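Structural overview
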Amino acid sequence: MNKLIVTNNSLVFEKYCNHCGVIYLKDVGYLDVLYAVRDRIHQSYVLLTHPLAGSLKPNQTPYKSIIITRGEAGVDTDSVVLIENSIAAAQKFLRDRNTPSWSEKILGDFRTVDLSLIENAMQKRSFN
Amino acid sequence: MSKIKVVHYLNQFFAQIGGEEMADMEPELREGLIGPGIALQQALGADYEIVATVICGDNYFGSNLEEAQSRILELIKPYSPQLFVAGPAFNAGRYGVACGTIATAVEKEFGIPALTGMYVENPGVEMFKKDLYIIETANSAAGMRKAMPKIATLAKKLINGNEIDLPAEDGYHERGIRVNYFHDKRGSTRAVDMLLQKVKGEEYQTEYPMPFFDRVPPATPIIDMSKAKVAIVSSGGIVPLGNPDRIESSSATKFGKYDVTGMDRMSKDDFISIHGGYDTAYILEDPNLAIPLDVLREMEKEGQIGELANYFYSTTGTGTSVGNAEVFGTEIGKQLLADGVTAVILTST
Amino acid sequence: MKLELGKILIQDVQFGAKTEVVDRTLFVNKEEIIELVLEDDRLIGADVELARPGESVRIAPVKDVIEPRVKVTGGGVLFPGMINKVEQVGSGRTHALVGATVITCGRIVGFQEGLIDMSGPAAKYCPFSETNNVVLVIEPADNLETHDYETAGRLAGLKVAAYIGEAGKNIEPDEVVVYETKPLLEQALQYPDLPKIGYVHMLQSQGLLHDTYYYGVDAKQLVPTFMYPTEIMDGAIVSGNCVAPCDKVTTFHHLNNPIIEDLFARHGKDLNFMGVVLTNENVFLADKDRSSDMTAKLCEFFGFEGVIISEEGYGNPDTDLMMNCQKVSQKGIKVVLITDEFPGRDGKSQSLADTVDEADALVSCGNGNVIINFPPMEKVIGTLDFVETMIGGYEGSLKPDGSIEAELQIVIASTIANGYNKLAARGH
């Protein structure tokens with residue numbers, strides 16, 4: 001299975017760019033990553049990880065990494081429902097309060113945690 | 001001590017001006033109370049005074065949402081109301097939407113409590129329950145005597161800043177707003193209680209009702225479009241000039257079927273949009289944007305689709321209740337099937 | 001498995017020359033605790049402070065809360081696979097210092113865990129405002145990598161709790177409760193006419209600061225399995241979750257799992273508590289499919305007629321919660337879910353990130369988005385530097401006078417989704 005990571009986290013990009021496909025969206029926000037994933041789902045990609053992974057709320061952490069893979073022709077409805085629910089949830093939080101502009105040290109911490117959420121999934125092997 | 005000033009909103013019917021024929025009436029203000037205002041004043045008591053009643057035709061409001069609201073707000077302003085009551089609208093859909101819209105606008109503009117009353121199936125309930133307190137009423141004006149006291153009681157609580165109780169106690173439609181409170185039992189104990197009720201087949205009450213999704217299984221796909229008979233159905237409010245069936249601009253209670261025999265495209269000389277929920281400028285200029293007759297005729301000529309039906313079905317989507325939409329869909333579906341239609345393009349706006 | 005839990009009631013905590021319990025007061029030797037913590041050279045600083053109910057004290061940022069316990073008889077030692085060797089626990093006799101806790105505190109990352117107020121309006125939302133707390137404030141070595149610091153902090157708390165727990169070994173408990181779960185077939189036969197009830201315990205398992213451990217195994221690596229309820233009372237499950245304060249299941253909450261307690265309370269009376277199925281909340285979607293399939297399979301195999309499912313977290317875990325609910329229900333087993341809600345500040349949005357039709361019996365642990373105001377406290381243990389970056393906090397949360405305006409989410413365990421608290425939410 002060819003994994004494709006969609007991310008706005010430089011740490012994720014650095015770690016995996018030589019390992020598998022990485023769409024690195026530099027300087028975009030959390031929601032933009034979700035939208036980019038949603039667009040690809042409509043182009044037959046399938047979600048491999050949950051878009052809302054992590055307890056850091058969407059108006060807290062600026063970073064989001066999601067793993068997708070090419071599916072068969074057509075659109076995977078489970079992925080569509082999951083990404084749309086995730087977008088709705090993220091918009092709900094961002095509506096209440098916007099993501100603050102964090103210091104560089106704190107941004108580094110958010111990047112570290114986001115990377116860790118993906119790491120375990122990246123270690124998974126699939127046989128199809 | 002001066003009385004608390006109340007402004008009341010009524011439609012043309014309850015204001016005793018006229019029926020459906022007066023539904024295009026523009027906003028007007030009368031001093032004092034009219035019609036149901038008597039019941040409202042009585043229920044509110046001597047500390048309150050209905051200083052003015054605003055009246056507007058349901059059609060006018062529905063077709064001119066922005067203007068109706070701003071005109072009504074202007075009319076009310078000089079009276080410096082402290083409380084606003086709209087309706088109650090019972091089961092009248094357009095009236096319910098008007099009450100909900102104007103009450104929300106008044107609350108926002110003047111920062112005063114605003115409330116209304118509706119029957120549970122009124123589309124206004126689903127649309128406005130999160131923004132307003134909507135008292136539960138019967139489905140017709142026969143319920144006025146019971147509704148007004150409930151409206152008055154809740155209004156007084158809002159004015160006095162009292163805590164509003166649960167929907168069942170204060171008589172309003174559940175708003176779907178989640179509010180914290182401390183139960184006397186901890187959550188795990190309540191879970192065990194609930195589970196045993198469920199296991200024993202007894203009645204139990206969930207603490208968080210799941211949203212209801214009415215799922216319709218999709219029909220089997222068409223293998224060969226070149227053999228399909230296609231029809232257009234739209235909720236964009238496209239109707240012939242003059243709106244002969246008088247389809248409403250919002251909260252539609254009917255749909256229409258319109259002939260396009262011999263037409264290669266929709267012409268703005270023949271068709272308009274009466275939809276009250278979007279800016280119709282582009283579609284008035286080119287109705288093909290909502291009813292894609294031009295493209296479908298081409299595809300018909302080229303054999304990409306088998307045949308295009310010589311009519312389209314149309315209604316207004318905005319504010320239309322789920323209940324009505326179900327009724328329309330079922331009926332339209334029957335007619336299409338009887339005519340051998342195998343595929344529908346549904347345009348929404 | 002049969003466990004006698006001896007509850008030693010603690011009503012006060014003080015520093016003393018010797019760590020011991022005398023007349024319901026827990027005395028702790030500060031220097032010994034600090035020495036114990038600094039054995040781990042990943043930590044260069046440690047301090048111990050005490051916080052008692054009713055005091056004007058605020059503790060922030062909190063990592064974990066642990067109840068001091070000790071194995072008296074029965075094999076195994078507390079927190080197996082974490083600070084002690086891996087050996088089966090859950091039998092024999094264990095003593096617990098009830099009314100005392102160890103709280104670890106100190107920064108790990110920029111966005112910290114939450115806070116605990118020992119008095120004032122925020123106190124009622126947190127169970128630890130009513131316990132006598134030994135607060136361990138730790139400081140990492142410079143440039144210590146985040147994973148290492150998390151590990152060091154986690155282990156420090158467990159070690160100190162175990163060390164303090166020793167003080168209860170030879171004390172006669174105020175109350176002894178006996179919990180017993182027999183092997184499956186015997187258990188079924190013990191109360192043949194009572195409904196067979198199971199508990200599906202979902203463990204947080206997403207990554208750094210989002211982990212849980214079962215006998216030292218990272219829950220991400222688990223496939224659903226069976227646990228005797230008494231194992232949890234000896235620390236078989238330990239928290240490594242350190243991000244969202246309000247629904248964080250602390251190690252204390254694992255030791256004192258309220259669902260297990262409440263099921264045992266009715267065991268033999270109107271239900272037959274058969275045992276616990278453990279499962280996880282992985283990020284990888286295929287893992288969710290696998291775990292939920294296996295959870296349903298185990299529930300069916302064990303003959304459960306009804307289960308309670310609890311989760312930890314929001315968003316990703318809601319999907320697991322719903323998948324478990326659906327698949328277990330489809331086996332014909334009755335399901336009740338326990339969860340907290342995040343319907344936005346105004347309470348009007350969807351509370352959960354996922355839903356299924358089968359989720360028709362749900363217990364709510366409250367709305368975590370509500371804004372609350374709490375006054376300044378005279379003493380702060382730890383630091384308030386991170387309040388605004390805590391989940392629930394935001395720019396302007398911490399006022400110059402030390403008072404705080406923040407979402408309820410910021411208070412430790414305020415909406416914990418295992419039903420420990422009495423806070424709930426309802427529809428208005």
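Above this note sits the structure.
Here is a short report on the structure shown in this document. (Residues numbered from 1 in each chain as written. Chains lettered and ligands numbered in written order. Predicted model: local features only at pLDDT ≥ 70, side-chain atom pairs only at ≥ 80, totals over all residues.)

**Considering the interface of chain A and chain C**
This is how it is decided: Throughout, a residue-residue contact means that the two C-beta atoms, derived from backbone geometry, are no farther apart than 7 Å. Helix and strand assignments follow DSSP, with helices taken as H or I runs no shorter than four residues and strands as E runs no shorter than two, numbered in order from the N terminus. By the convention adopted, Pro, Cys, Tyr, Trp, Phe, Met, Ile, Leu, Val and Ala count as nonpolar, Lys, Arg, Asp and Glu as charged, and the other residues, Gly among them, as polar.
If you look at the interface, chain A gives 31 residues, while chain C gives 30 residues. Looking at the side of chain A that touches chain C, the elements with two or more residues in it are helix 3 (77-96) and helix 4 (104-122) of chain A. At ten residues, helix 4 of chain A tops the list of elements feeding residues into the side of chain A that touches chain C. Of the residues that constitute the side of chain A that touches chain C, the class distribution is twelve nonpolar, ten polar and nine charged.

**Section: the sheet that holds strand 2 (residues 12-15) of chain C**
Residue and element names in this part refer to chain C. Threshold: What makes two strands pair is DSSP finding at least two bridges between them. With axes taken as lines fitted to C-alpha atoms, and helix axes fitted only over the stretch in contact, angles between N-to-C directions fall between 0 and 180 degrees.
Ordered in space as 2-4-3, the three strands form an open sheet in which the pairing is mixed. Looking at the sheet topology across the chains shown, the edges are occupied by strand 2 and strand 3 (20-22). Ignoring which end each strand starts from, the neighbouring axes of this sheet average 25° apart. Two strands pair when backbone bridges link them, and strand 3 and strand 4 (residues 25-28) are joined in this way by three bridges, in the antiparallel orientation. In the strand pairing of strand 4, Glu20 is matched with Phe27.

**What to know about unusual backbone geometry**
Each neighbour pair has its own omega, and for Gly87 of chain B with Pro88 of chain B the value is 15°, a cis peptide bond. Within the secondary structure, Pro88 of chain B sits in strand 4 (residues 83-90). Residue Pro61 of chain C is bonded to the preceding Ala60 of chain C through a cis peptide linkage, with omega at -10°. Structurally, the position occupied by Pro61 of chain C is in the loop between strand 6 (57-60) and strand 7 (62-66). For Gln16 of chain B, which is not glycine, the phi dihedral falls at a positive 65°. Inspection of the secondary structure assignment puts Gln16 of chain B in the loop between strand 1 (4-11) and strand 2 (28-31). Look at Arg24 of chain C: it is not a glycine, yet its phi comes out positive at around 65°. Along the chain, Arg24 of chain C turns up in the loop between strand 3 and strand 4.

**Thoughts on the packing of helix 3 (residues 65-76) of chain B against helix 4 (residues 93-110) of chain B**
Two packed helices can be described by the angle between their axes and the distance between those axes. Residues and elements named next belong to chain B. Selection rule: Roughly parallel means an angle under 35 degrees; roughly antiparallel, over 145; roughly perpendicular, 65 to 115; everything else is oblique. Left-handed describes a crossing in which the near helix is turned anticlockwise from the far one by less than a right angle; the clockwise case is right-handed.
Where helix 3 meets helix 4, the axes come as close as 10 Å, and the angle between the chain directions of the two elements is 50°. Put simply, helix 3 runs oblique to helix 4. As helix 3 packs across helix 4, the resulting crossing turns out to be right-handed. Between helix 3 and helix 4, the contacting residues are Leu65, Gln69, Ile72, Leu73 and Ile76 on the first element and Thr101, Ile102, Ala105, Val106 and Glu109 on the second. Taken together, the residues that form the contact of helix 3 with helix 4 break down as seven nonpolar, two polar and one charged.

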